[in-house]
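Residue-level structure breakdown
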Amino acid sequence: MRTPLRRRFLQLAWLGAVLVGTSFSAVAGDLPSGAAAATPPRGNSAWVYDALYRDGHPHGSQPGSFVAAINRYNQRTAPAHAITRVFTYGGSLEMYCRDGPEHCQPDELKFVFGAAGRRSVTAYATGLAPVDGRPVKVETVIDGSLRARYDGSLRGFNRLSPELARGFADKVARAVCADPRVSGVQFDLEPFNVARRNGQYWFYRRIAEDFAGAGPQAASLHCVDAQHPQGRDFSIFGAAHDLDPRGPRGQNLRDILTAHHNGFFIVALYDLSDRPGGHLNALQGYARRAAHQAQRAARGAAALGVPWQLAVPASASAHEYARCDGFRCRQPGDGAQLAYLQAAMKAVDASGAHSDPRYLGTAVWAWSREITHGGMRFSPSTPPAGALQFLREHL
């Protein structure tokens, strides 16, 4: 499966973004470092994006745009089908290595944690009502492209030395863990590939260590505190083939997720096409692809013994949508968003995911103001009424 086009949707122009360095105040109530983190808790997840748009382009943001919508959904839903974890956009990783990644300097590795992203975390953390007596976890999305060519892209990230990759992870942990409202991070660094022990591998291994409050640097990072006595958790967005247990790709992923038992892997059951965006996946073909991806992910996760989730398209993607507007659209859409969601949930059920104790629940794509890619606009941008009712009964 080709890397999903999700990051291209989310070129969000957040206002007030700042480059985060290493000077963050400690969080009060720190516990002794070194506390082991538990496996991330079970619970269905959802992406929420607060960017506002003007003429199809991101233009500012409204933090907490979907607090009321998530609360309404949860209030009308049994706890087993509720959304208990939200992923809200926070920022990006960027590299500005003048002499190449092998000779990069620590100050050329930047974590952009925008003010709007932090405000979104606060809005959801304070606005979402508890479910069954437990607060909804709020995790910030950090993205980056290893393939694209633009100033600040992550091209060469995999060639970073272990020392530089670990230092990059420490920057992220220091910034994220300075906010007690952040429960964890959802990483969307595409394409994900740890077939070798490369820069990504060492970065994620250090993230796991930092978030667990382990290692000599833990005391200065404050990832374990009174609000998070077991530290923060993290997830990685990827594809079913990354869970291959037969080679180093899957084994290295297992090392990352189980080193401190605080990570999980998300496999998308959307954008299941090698064609450009705007080419609609026919429903029958989509159902076959979704079933194959779900089964492959389930087999790999079970063999590797790692926590995981599957993500389903309750809203439009670039290939599974109800409508496409724009001169590059090749098919206008057939209004069948609910049918794609139903096919995806059927694939989840048939994979045996729910009988795997390491399956943490299903992730829902998405609540967003607009979903755009390459000059095209895809609808619906939030789950329609029929999709919400289906999720209340089947999520």
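A brief report on the enclosed structure follows.

Thresholds applied
- Residues numbered from 1 in each chain as written.
- Predicted model: local features only at pLDDT ≥ 70, side-chain atom pairs only at ≥ 80, totals over all residues.
- Heavy atoms only, no water.
- Disulfide = S-S within 2.5 Å.
- Helix = DSSP H or I, 4+ residues; strand = E, 2+ residues; numbered from the N terminus.
- Buried < 20%, exposed > 50% of the residue type's maximum accessible area, 1.4 Å probe, protein only.
- Phe/Tyr/Trp six-rings, centres within 6.5 Å; stacked < 30°, edge-to-face > 60°.
- Expected span 1.5 Å × (residues − 1).
- Core = buried A, V, L, I, M, F, W, Y, C linked by side-chain atoms within 4.5 Å.
- Contact = heavy atoms within 4.5 Å.
- Pairing = 2+ DSSP bridges.
- Right-handed = clockwise from strand over helix to strand, strands pointing away.
- Polar contact = N/O pair within 3.5 Å; in protein donor to acceptor, adjacent residues only side chain to side chain.

With that settled, the discussion passes to the state of the cysteines. The full count for this structure, using the stated rule, is 3 disulfides. Residue Cys 177 pairs covalently with Cys 223 via a disulfide, S to S 2.1 Å. Taking the torsion about the sulfur-sulfur bond, which here is approximately 95°, the covalent link between Cys 177 and Cys 223 counts as right-handed. Within this pair, whereas Cys 177 is found in helix α4 (residues 162-177), its partner Cys 223 is found in the loop between α5 (199-211) and β9 (233-238), the two being separated by 46 residues in sequence. Each member of the pair, Cys 177 as well as Cys 223, is classed as buried.

Here the focus is the packing of aromatic side chains. In this description, a pair of aromatic rings is defined by centroid distance and the angle of the planes. If you walk through the whole model with that rule in mind, you get 19 aromatic pairs. Measuring from ring centre to ring centre gives 4.9 Å for Tyr 201 and Trp 202, while their planes differ by 85°; the resulting arrangement is edge-to-face. For Tyr 201, a relative accessible area of 1% gives the class buried. Relative to Tyr 204, the ring of Phe 203 has its centre 5.3 Å away and its plane inclined at 75°; by these criteria the two rings are edge-to-face. Summarising the burial analysis for this pair, Phe 203 and Tyr 204 share the class buried. Following the ring pairs from residue to residue traces out a cluster consisting of Phe 157, Phe 168, Phe 187, Phe 192, Phe 203, Tyr 204 and Phe 265.

With respect to the secondary-structure elements, Ala 214 resides in the loop between α5 and β9. Residue classification places Ala 214 among the buried positions, given a relative accessible area of 15%. Sequence-wise, Ala 214 and Ala 80 are 134 residues apart; in three dimensions their C-alpha atoms are separated by 33 Å.

Think of an α-helix as turning once every 3.6 residues; residues three or four places apart then point the same way. Here α4 contains 16 residues, and its C-alpha end-to-end distance of 22 Å stays within 8% of the 22 Å for a straight helix at 1.5 Å per residue. Within α4, 12 of the 16 residues are buried, leaving the element largely enclosed by the surrounding structure. Residues of α4 that are buried include every one of Leu 164, Ala 165, Phe 168, Ala 169, Asp 170, Lys 171, Val 172, Ala 173, Arg 174, Ala 175, Val 176 and Cys 177, and no others.

Moving on, we come to the nonpolar core. In this structure, Trp 47, Leu 93, Phe 187, Phe 203 and Trp 367 are the most contacted members of the largest nonpolar core, which totals 115 residues. Of all the elements, α4 adds the most residues to this core, at 9 residues. Those residues in contact with Phe 187, other than ones at most four positions away along the chain, are Ile 142, Val 172, Phe 203, Tyr 204, Ile 207, Phe 234, Ser 235, Ile 236 and Phe 237.

Burial analysis of strand β8 (residues 184-190) places 7 of its 7 residues in the buried class, the great majority of the element. With burial as the criterion, each face of β8 is covered, one bearing Gly 184, Gln 186, Asp 188 and Glu 190 and the other bearing Val 185, Phe 187 and Leu 189. In terms of strand pairing, strand β7 (residues 137-145) meets β8 through 7 bridges, oriented parallel. Its bridge partner lying in β8, Ser 145 is registered against Glu 190. Here β8 pairs with β9 via 4 bridges, running parallel. Across the sheet, the residue bridging to Phe 187 is Ile 236, located in β9. Chirality of the crossover, the property in question, places the unit of β8, α5 and β9 among those that are right-handed.

What follows is about α5. Its 13 residues place the ends of α5 18 Å apart at the C-alpha level, agreeing with the 18 Å of an ideal helix rising 1.5 Å per residue. Within α5, 10 of the 13 residues are buried, which leaves the element mostly enclosed by the surrounding structure. Regarding α5, the residues found buried are Gly 199, Gln 200, Tyr 201, Phe 203, Tyr 204, Arg 206, Ile 207, Ala 208, Asp 210 and Phe 211. Each element contacted by the buried residues of α5 is listed here: β5 (83-95), α4, β8, β9 and α6 (248-258). For α5, the N-terminal cap is Asn 198; the gap from its side-chain oxygen to the backbone nitrogen of Gln 200 is 3.2 Å. A positive phi of about 75° marks Gly 213, the residue just after α5.

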